[in-house]
Amino acid sequence: MSEEENKAHWSLFLAGNHEAYSWLYNKYVQVLYRYGQHLTSDGEMIKDCIQEVFANLYRSRKSLPTPANVKVYLIVSLKNSLLRRMHRESVYDRNKDAHSGGFLLEPGVEERFIDDESQRAVEEKIVRLLAVLTPRQREIMYYRYIQEMEFEEICSVMELSYQSAQNLIQRSMKRIRESFGRGRSD
Amino acid sequence: MDTSEFFKHIKKDSALPDLSDEERVALWNRIVSGNRRYDRRYLRWSLIATGAAASICLALLLRQSLFAPPEQTAPETNYVAMLQSVPAAASQEVRLVLPDKQIAIEGKDSELDYSREGEVEIRSDKGDVTKAEKLQSAEVFNQLVVPFGRRSSITFADGTQMWVNSGSRVIYPANFGSAVREIFVEGEVMLDVRRDARRPFIVKTRGMDIRVMGTQFNVSAYDNEDVARVALLNGKVCVVFAEGKESVSLSPNQMFSYDGQALTGEVSSVNAEDFIAWRDGYFPFKMQALTDVLRKLSRYYNVRFTMGEGLSRLSCSGKLHLNDNLDDVLGILKKAAPIEVKKESDTTYIINVKP
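Residues numbered from 1 in each chain as written. Chains lettered and ligands numbered in written order. Predicted model: local features only at pLDDT ≥ 70, side-chain atom pairs only at ≥ 80, totals over all residues. Heavy atoms only, no water.

J.: Explain the sheet that holds strand 20 (residues 304-307) of chain B here, please?
T.: Across a sheet, strands are paired by hydrogen bonds formed along the backbone, either parallel or antiparallel in direction. Residue and element names in this part refer to chain B. Here 3 strands make up an open sheet; going across it, the order is 20-23-22 and the pairing mixed. Because the sheet does not close on itself, it has two edges, and the strands there are strand 20 and strand 22 (339-343). Pairs of neighbouring strands in the sheet enclose a mean axial angle of 25°, with direction left out of account. Sheet analysis places strand 22 next to strand 23 (residues 348-353), joined by 5 bridges and oriented antiparallel. The residue of strand 23 that forms the bridge with Lys342 is Ile350. Set on the sheet, helix 6 (residues 290-301) makes contact with strand 20, strand 22 and strand 23; between it and strand 20 the angle comes to about 160°. (Pairing = 2+ DSSP bridges. Helix = DSSP H or I, 4+ residues; strand = E, 2+ residues; numbered from the N terminus. Axes fitted to C-alpha atoms, helices over the stretch in contact; angles between N-to-C directions. Contact = heavy atoms within 4.5 Å.)

Right, here's the structure in full:
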C-alpha cells in the first residue's frame, strides 16, 4: 500500500480508467467516512459529501494534477465539502449552528482497563482535557498525533502557514500540560 | 498520566464506525450514476452549442472525441452497445466493421495488419486478396466479427499479435492511445502482447478486465458459456472481476476460471500450451467431456450436433487436427469413443452413445 501505488492508480484514473477510480473509492471511503465523524455526527451528510468529493474528481479529471499525498488530498476535499454544507444549512436553518461543536474527539476505550471504575475516571479526565482545547487545537492534535501527518500536510488541511501550525501545536501542548498540573493538585 | 499518554486515550479512527458493505456499495452506485447523468447533460449542451443533430451512434463518437484528450481512451466505453450495433448478419464471412462501412473477408483464415499510420492490410488464405484500407483517427473503433467456422488474426501497430478464434468479436481502436491500450473481446483470442511499460494493455470482456504489461495468454469468454477462462503462457497478468471489486494475479501455466453469474473464480494449474493449440490448427484433449469437445468442434466447423443422452459421461484424450474435414475428424473421434454419428445434412449431425 505504498504512495507509489496510489499515484499509479490516480494517473490511471485521470487517463479515464474506471477500475482505478473504483479502486481509489474502495481504498479511501472508510478513511473518509471515519474522518467525517470528527466534523459532524450526521452520517448521511458525510455520505453526501463523499459523493461530492468523488463526483468532483470525475468532473475535473482532465485538469487535475497528481497530489503529493492522495489521502491528504481527499481529506482536504471532504473537509471543504462538509464545511460548505454545514455553513449552508446553518444559513437556512437557524436552529442548526454552523459547525457547532467544532472538531470532535472522544475518549477511547483501551482494552487493558478492565476495571470499570478506573476506566470511567480516565474517560472523564480525557473529556475534561478535550474541553479545555479549542476546536482548532483539537483538530491539529488529531492530525499530528492520531493521523500522524507531516507538518506540510497539516498546513494544507488547515490552511495555516508552517509557523502558525507550529505555534498552534505548541500552545495546544502547553494547554494540556497545564491541565494535567491542575488535575494533580486537585 | 502524562501528555504522551493523553493521546493513547483518544478514540482512534479505527474505533469509529465504518460504512456497512451495503452502504459502501450503494454510495458507489450513487457516485457512478451521478457521473453518468453529468456526462449526458454535458453532452447535450455541447450538441446544442454546435447545432448538431446526431444519432446515438454519432453521439457516442462525439463523446469520445470531445471529452477525452485524443491520446486517451474515453472512460467507460460502452462496448456491449457497440457489439449490439453490429447484428450477427447472415453473412458467413469474417467482417471488419469500420465507422462508415463494412469489409467482408473471404476465406477460412485471414490476417489483418495495422500500420502506425492507421492503415490496415488484409490478407486471406482465399487467393491473394490484399487490401490496404486507409483509416481514420485514433479514437475510431474497429470491430472484427469472426463467424463460426472462420478464424482471423490481427497485428496491431504496436506489434502486439492477436489470434481470433471462431465465433468471436473484438473491438479495438484504429490506433492505441498513449496512456493505455484497451480492447474488448467476446469469444476466444490468444494474445502475444508487446511489452510497453508506459502503456498497460487491458483486455476487457463482459465479466473481467485483464491487465498485462507484455505477455502471452489465451482468453475464452463466450457469451453463451457460463465460465470464462484466462490461461497464461508467460509473463504476468492481473485479472479484475466481480464488477471491479476483486482481482487475481496469474503466473505462467496458471488458469483463472470465472463464473460471471456467481461473480466467483478460481485459479488452477494447467499446461497453457493446450489452450493455444487452436491457433496452430489442432485441439488437444485430456480426459475432457465429449460434449465439451463437440461444442468446440461445432464452433470451429460451424455445424450443429444433436447430442444424445449419456454423452456427457464419456470423455476422451488425444489430439484432433482441424485442417482435416469434419467427417474425417468425427471418424477419428468414433475410434476414440463408443459413439455413433449420423449425418443429417451438411450442417447437422446426430451423435449418440453406442448401445
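On we go.
J.: I'm lost on the pairing of strand 10 (residues 181-192) of chain B in this one. Help?
T.: For a regular strand, the rule is simple: side chains alternate between the two faces of the sheet. Residue and element names in this part refer to chain B. Counting buried positions along strand 10 yields 11 of 12 residues, so the element is predominantly enclosed. Here 4 bridges tie strand 8 (residues 161-164) to strand 10, and the two strands are oriented antiparallel to one another. Among the inter-strand pairings, Val164 is bridged to a residue of strand 10, identified as Val189. Sheet analysis places strand 9 (residues 168-173) next to strand 10, joined by 3 bridges and oriented antiparallel. (Buried < 20%, exposed > 50% of the residue type's maximum accessible area, 1.4 Å probe, protein only.)

J.: Just checking my understanding: could you explain the pattern of salt bridges for this structure?
T.: In the structure shown here, the tally under the stated rule is 21 salt bridges over all chains. A salt bridge links Arg84 of chain A to Glu52 of chain A, with the shortest nitrogen-to-oxygen separation between them at 3.1 Å. Placement of the pair is Arg84 of chain A in helix 4 (residues 70-92) and Glu52 of chain A in helix 3 (residues 43-59), with a sequence separation of 32 residues. Taking the relative accessible area as the measure of exposure, Glu52 of chain A reaches 27% and is therefore partly exposed. Where Asp113 of chain B meets Arg123 of chain B, a salt bridge forms, and the shortest distance between an N and an O atom there is 3.7 Å. Within this pair, whereas Asp113 of chain B is found in strand 3 (residues 109-114), its partner Arg123 of chain B is found in strand 4 (residues 119-124), the two being separated by 10 residues in sequence. (Salt bridge = Lys/Arg side-chain N within 4 Å of Asp/Glu carboxyl O.)

J.: What exactly am I supposed to notice about helix 6 of chain B here?
T.: Residue and element names in this part refer to chain B. The first and last C-alpha atoms of helix 6 sit 16 Å apart over 12 residues, in line with the 16 Å expected at 1.5 Å per residue. A large share of helix 6 lies buried, amounting to 9 of its 12 residues. For helix 6, every residue scored as buried is listed here: Leu290, Thr291, Val293, Leu294, Leu297, Ser298, Arg299, Tyr300 and Tyr301. (Expected span 1.5 Å × (residues − 1).)

J.: Would you explain the packing of aromatic side chains in this entry?
T.: Ring pairs (aromatic) are described by centroid distance and by the angle formed between their planes. All names here are of chain B. Here the structure, examined in full by the defined rule, presents 26 aromatic pairs over all chains. Ring centres of Phe156 and Phe176 lie 5.2 Å apart, and the angle between their planes is 55°; this geometry places the pair in the tilted category. A residue pair is termed long-range when its members are at least 10 positions apart, and Phe156 in the loop between strand 7 (151-155) and strand 8 and Phe176 in the loop between strand 9 and strand 10 qualify at 20 residues. Note on Phe156: relative accessible area 4%, which makes it buried. (Phe/Tyr/Trp six-rings, centres within 6.5 Å; stacked < 30°, edge-to-face > 60°.)

J.: Sorry, what's going on with the side chain of Asn6 of chain A here?
T.: Examined against the element boundaries, Asn6 of chain A turns out to sit in helix 1 (residues 3-14). In terms of polar contacts, Asn6 of chain A uses its side chain to reach the side chain of Glu3 of chain A, at 3.0 Å. (Polar contact = N/O pair within 3.5 Å; in protein donor to acceptor, adjacent residues only side chain to side chain.)

J.: What should I look at first to understand the confidence of the model for chain A in this one?
T.: Low pLDDT means the predicted coordinates in that region are not meant to be read closely. With 85% of its residues at a pLDDT of 70 or more, chain A has an overall mean of 82. At the level of individual helices and strands, chain A shows its lowest average pLDDT in helix 5 (residues 116-132) of chain A, which scores 78, and its highest in helix 3 of chain A, which scores 93. (pLDDT = per-residue confidence, 0-100.)

J.: Can you help me understand the interface of chain B and chain A in this one?
T.: When the parts come together, some accessible area is lost, and that loss is often what is quoted as the size of the interface. Taken together, the contact between chain B and chain A spans 45 residues of the former and 50 residues of the latter. Taken together, both faces of the contact between chain B and chain A bury some 4,500 Å²; the carbon and sulfur share is 59%. Run the count over chain B and chain A and you get 4 salt bridges. The shortest N-O distance in the salt bridge between Asp18 of chain B and Arg34 of chain A comes to 2.7 Å. In this structure, the connection of chain B to chain A is made through 9 residue pairs in polar contact (both at pLDDT 80 or more). With 11 residues, helix 2 (residues 21-50) of chain B is the largest single contributor of residues to the side of chain B that touches chain A. In the side of chain B that touches chain A, the residues fall into 22 nonpolar, 7 polar and 16 charged. (Buried area = accessible area lost by both parts, 1.4 Å probe. Nonpolar A, V, L, I, M, F, W, Y, C, P; charged D, E, K, R; others polar.)

J.: Honestly, helix 7 (residues 326-336) of chain B in this entry has me stumped. Any pointers?
T.: The α-helix winds at 3.6 residues per turn, so residues separated by three or four positions along the chain end up facing the same way. Residue and element names in this part refer to chain B. Along helix 7, the residues that are buried comprise Leu326, Val329, Leu330 and Leu333. The arc enclosing the buried residues of helix 7, seen along the axis, measures out at 95°, which places them on a common side. Residues of helix 7 that are buried sit in contact with helix 6, strand 20, strand 21 (315-321), strand 22 and strand 23. (Arc of directions from axis to C-beta.)

J.: Would you explain the nonpolar core in this entry?
T.: Across soluble globular proteins, nonpolar side chains show a tendency to be buried alongside one another. Counting residues in hydrophobic clusters, the biggest one holds 67 residues, and the most contacted among them are Tyr35, Ile50, Phe54 and Tyr143 of chain A together with Phe6 of chain B. No other element matches helix 2 (residues 18-36) of chain A, which puts 9 residues into this core. Ignoring any residue separated from it by four or fewer positions in sequence, one finds Ile50 of chain A in contact with Val29, Leu32, Tyr33 and Leu78 of chain A together with Leu27 of chain B. Core analysis: the second largest hydrophobic core is formed by 42 residues, Val94, Leu112, Tyr172 and Val193 of chain B among them. (Core = buried A, V, L, I, M, F, W, Y, C linked by side-chain atoms within 4.5 Å.)

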